[in-house]
Each structure stands twice: as structure tokens, then as C-alpha cells.
Amino acid sequence: MWRARRGGSATIRSGSTEDAAAGTHPGRLPSSRASDQETIGQKAILRGRGGGMARTLISSGSDFERVAGYSRAVVDGRWVFVSGTTGFDYAAGTIAESVEEQTHQTFRNIAAALEKAGAGLKDVVRIRVYLSEATDFPKVAPILGDYMGDARPANTTVVCQLVDPRMKVEIEVTARR
């Protein structure tokens, strides 16, 4: 028997020293072996630790996700974490000039990621909005209300510089399925 610490309490798990040496013990963190990750379409499924639920990584297909080493969204149990998302139309590789159209496209991108995760905008419990200009807030706020009015998630809006000067808005959300 192995003892593993989880959340401050001890749990007992069965396993042998051979399991531990081979890295297959249920209490051991997943390794980088290919067998620990499966890719299905644009989703990567990571096996859960110690028999827990699997994490699902969702991609939009953007090359930047691969380069920067992140996922468009991560599903962990009932939680869905959507990375900061901008108004780029990934299929066309373009971004609109207006903050209003960028905000609409951002929500289309977020909705697509949530759909792949088995959730929707109605499931959003937390939203963070990053604006490049404070003067854009009165233009963006009603659009936020249109998309988030039913969910009414906790919201933080921050004015900051964004990575690409063409970007005027970036939004990240957390949802619970």
C-alpha cells in the first residue's frame, strides 16, 4: 500500500514498488510519455491523476497556441477555463477595426470553445475583460450585457496594453458545466 497526500488528508491507494518504479502508480503525477496523452481531433485528453477525471485540452487551431504552449480552453471535471480570447477571425486570419466588432467576434470564438467543451455562454461564472482604451468601455459594456445578461457572471474589466496593437479587447471566461 502507498500513502498519498491529497488536500491535506491521507488517502490509501493500492500499488506496488514495481508500479512506482514504472511510473504507473495511481498516485504518481503523469509523465511526459506519449501514453499519458491522447490527441483526438483538436482535443488532447490527459489522463487524470490517481484515477481522477481526465483533463481535456481544446484548441482553436491557431498556430500561436502551439508556439506559446497553451490551450484555447481546458476542461477539468465540470470546470471549463477559456484562455484570453481576442477578436481575430481564426478562419480568415483577420481582425476588425472596431472594438464593437472585435467584441462580437471574441464572443463567437469563446462560444465555439465552450461548445467543444460541452458548455455554453449561459454556463459562464467568471469573466475578465481587457481593454486597450478606457474610452471603449461604454461601447463594450452593452455587448457584454447582450452575451452575458442571462448568466450574469462575476466580472472584472482592466485597461491595459494588449500584445498586438490591432487588438482592442481580450476576454477570458470560466464556466461550470
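Before reading further, recall that the structure is shown in the block above.
Below or above, wherever it landed, is the structure these notes cover. As the structure is a prediction and not an experimental result, all values here were calculated from the model.

Concerning the nonpolar core
Ranked by size, the top nonpolar core spans 24 residues in total, and within it Val-80, Val-82, Leu-114, Ile-127 and Ile-171 carry the most contacts. No other element matches the 5 residues that helix H3 (residues 99-116) contributes to this core. What Ile-127 contacts, discounting residues up to four positions off in sequence, is Phe-107, Leu-144, Met-148, Pro-153, Ala-154, Asn-155, Thr-156, Ile-171, Glu-172 and Val-173.

Description of unusual backbone geometry
Positive phi is not limited to glycine here, since Arg-152 has a value of about 45 degrees. Along the chain, Arg-152 turns up in the loop between helix H4 (137-148) and strand S11 (154-159).

Examining the pattern of salt bridges
Applying the stated criterion across every chain yields a total of 6 salt bridges. Among the ionic pairs, Glu-101 bridges to Arg-108, the shortest N-O distance being 2.5 Å. The residue Asp-123 makes a salt bridge to Lys-122 at a minimum N-O spacing of 3.1 Å.

As for a nonpolar patch on the surface
Taken together, the side chains of Trp-79, Phe-81 and Val-125 define a hydrophobic patch exposed on the protein surface, amounting to about 260 Å² of accessible area. Here Trp-79 falls in the partly exposed class, since its relative accessible area comes to 35%.

Considerations on H4
With 12 residues, H4 extends 15 Å between its outermost C-alpha atoms, agreeing within 8% with the 16 Å of an ideal straight helix rising 1.5 Å per residue. Regarding H4, the residues found buried are Val-140, Ile-143, Leu-144 and Met-148. One side of H4 carries all its buried residues, which in axial view fall inside an arc of 115 degrees. H4 presents Pro-138 and Asp-146 as exposed residues on the side facing more than 90 degrees away from its buried surface.

Considering the pairing of S11
The sheet contact formed by strand S10 (residues 124-131) and S11 spans 6 bridges and is parallel. Residue pairing across strands places Leu-131 opposite Val-159, the latter belonging to S11. The parallel pair S10 and S11, bridged by H4, forms a crossover whose chirality is right-handed.

Cut-offs used in this document
Residues numbered from 1 in each chain as written. Predicted model: local features only at pLDDT ≥ 70, side-chain atom pairs only at ≥ 80, totals over all residues. Heavy atoms only, no water. Core = buried A, V, L, I, M, F, W, Y, C linked by side-chain atoms within 4.5 Å. Buried < 20%, exposed > 50% of the residue type's maximum accessible area, 1.4 Å probe, protein only. Helix = DSSP H or I, 4+ residues; strand = E, 2+ residues; numbered from the N terminus. Contact = heavy atoms within 4.5 Å. Salt bridge = Lys/Arg side-chain N within 4 Å of Asp/Glu carboxyl O. Patch = residues over 30% accessible without salt bridge, like charges linked within 9 Å, V, L, I, M, F, W, Y side chains within 5 Å. Areas by Shrake-Rupley, 256 points an atom, 1.4 Å probe, with all protein chains shown as cover. Expected span 1.5 Å × (residues − 1). Arc of directions from axis to C-beta. Pairing = 2+ DSSP bridges. Right-handed = clockwise from strand over helix to strand, strands pointing away.

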